[in-house]
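A look at the structure
As a plain string of letters, each chain reads:
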Amino acid sequence: MTTADESGPTAPTGSGTAPPAGTRSRAWPAYAMTAAAVTACAVVGARAVDADSGWYRRLDKPSWQPPSWTFGAVWTPLYASLAWAGGRALHRTQGAERRRTALSLGANLMLNAAWNQLFFRRRSPRAGLLGTLALDLSNVELIRRTARTDPAAARALLPYAAWCGFATALNASLARRNPAGARRNSATD
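Here's a quick rundown of the structure. (Residues numbered from 1 in each chain as written. Predicted model: local features only at pLDDT ≥ 70, side-chain atom pairs only at ≥ 80, totals over all residues. Heavy atoms only, no water.)

1. Looking at the pattern of salt bridges
As a reminder, the rule being used: Salt bridge, as used here, is a side-chain nitrogen of Lys or Arg placed within 4 Å of a carboxyl oxygen of Asp or Glu. Strands here mean DSSP runs of E at least two residues long; helices mean DSSP runs of H or I at least four residues long; both are numbered from the N terminus. Accessible area is worked out with a 1.4 Å probe on protein chains only. A residue is then buried under 20% of its type maximum, exposed over 50%, and partly exposed in between.
Throughout the structure, instances matching the rule amount to 8 salt bridges. We note a salt bridge from Arg 100 to Glu 97, for which the minimum N-O separation is 3.2 Å. Of the two residues, Arg 100 and Glu 97 both sit in helix α5 (residues 95-121), 3 residues apart, roughly one turn of that helix. According to the relative accessible area criterion, Glu 97 is buried, its value standing at 5%. In this structure, Glu 141 and Arg 145 form a salt bridge, with 3.0 Å as the shortest nitrogen-oxygen distance. Of this pair, Glu 141 and Arg 145 both sit in helix α6 (residues 125-149), separated by 4 residues, roughly a single helical turn. Ionic contacts of the salt-bridge type, sharing partners, join the residues Glu 97, Arg 100, Glu 141, Arg 144, Arg 145 and Arg 148 into one network.

Structure representation (structure tokens):
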């Protein structure tokens with residue numbers, strides 16, 4: 001006979017409940033679901049990005065903005081950690097708490113993808129700033145909710161939240177440096 005320590009997660013702290021012992025092999029659906037959702041978010045978001053457009057190239061950018069290649073290099077492991085943390089949190093919750101965690105993660109992913117639409121598709125640093133501020137609030141809520149169920153998963157979300165905070169500071173700088181009059185919707189951009 002196996003114990004929860006040998007074959008499945010231990011009981012988490014907080015209001016979530018651990019799955020029954022012996023369910024480690026049943027964890028994969030939660031991880032697969034979050035991996036698929038995070039991948040969809042990344043694809044939808046990436047399709048809106050056009051860092052080579054004339055509009056984006058003409059923006060007055062701060063000297064501390066990282067080079068373009070760093071965004072892909074940073075987002076890849078952040079998305080992986082988000083998928084892992086989400087899968088782990090969902091696997092370790094049940095019932096209403098699981099639904100609330102899934103909704104929190106889903107809202108977070110929608111806000112993540114929406115930023116690219118607001119900033120690049122609308123060509124609006126100000127709209128992007130509103131979107132990234134909403135994402136930051138969603139990050140706080142997701143980490144808080146996850147921490148109640150699984151502190152390790154919540155800790156894994158901290159680099160994601162930190163990078164989003166950096167992105168908010170960068171977006172705020174772009175909005176300040178590029179007033180609404182700098183917005184261009186030319187078909188040639």
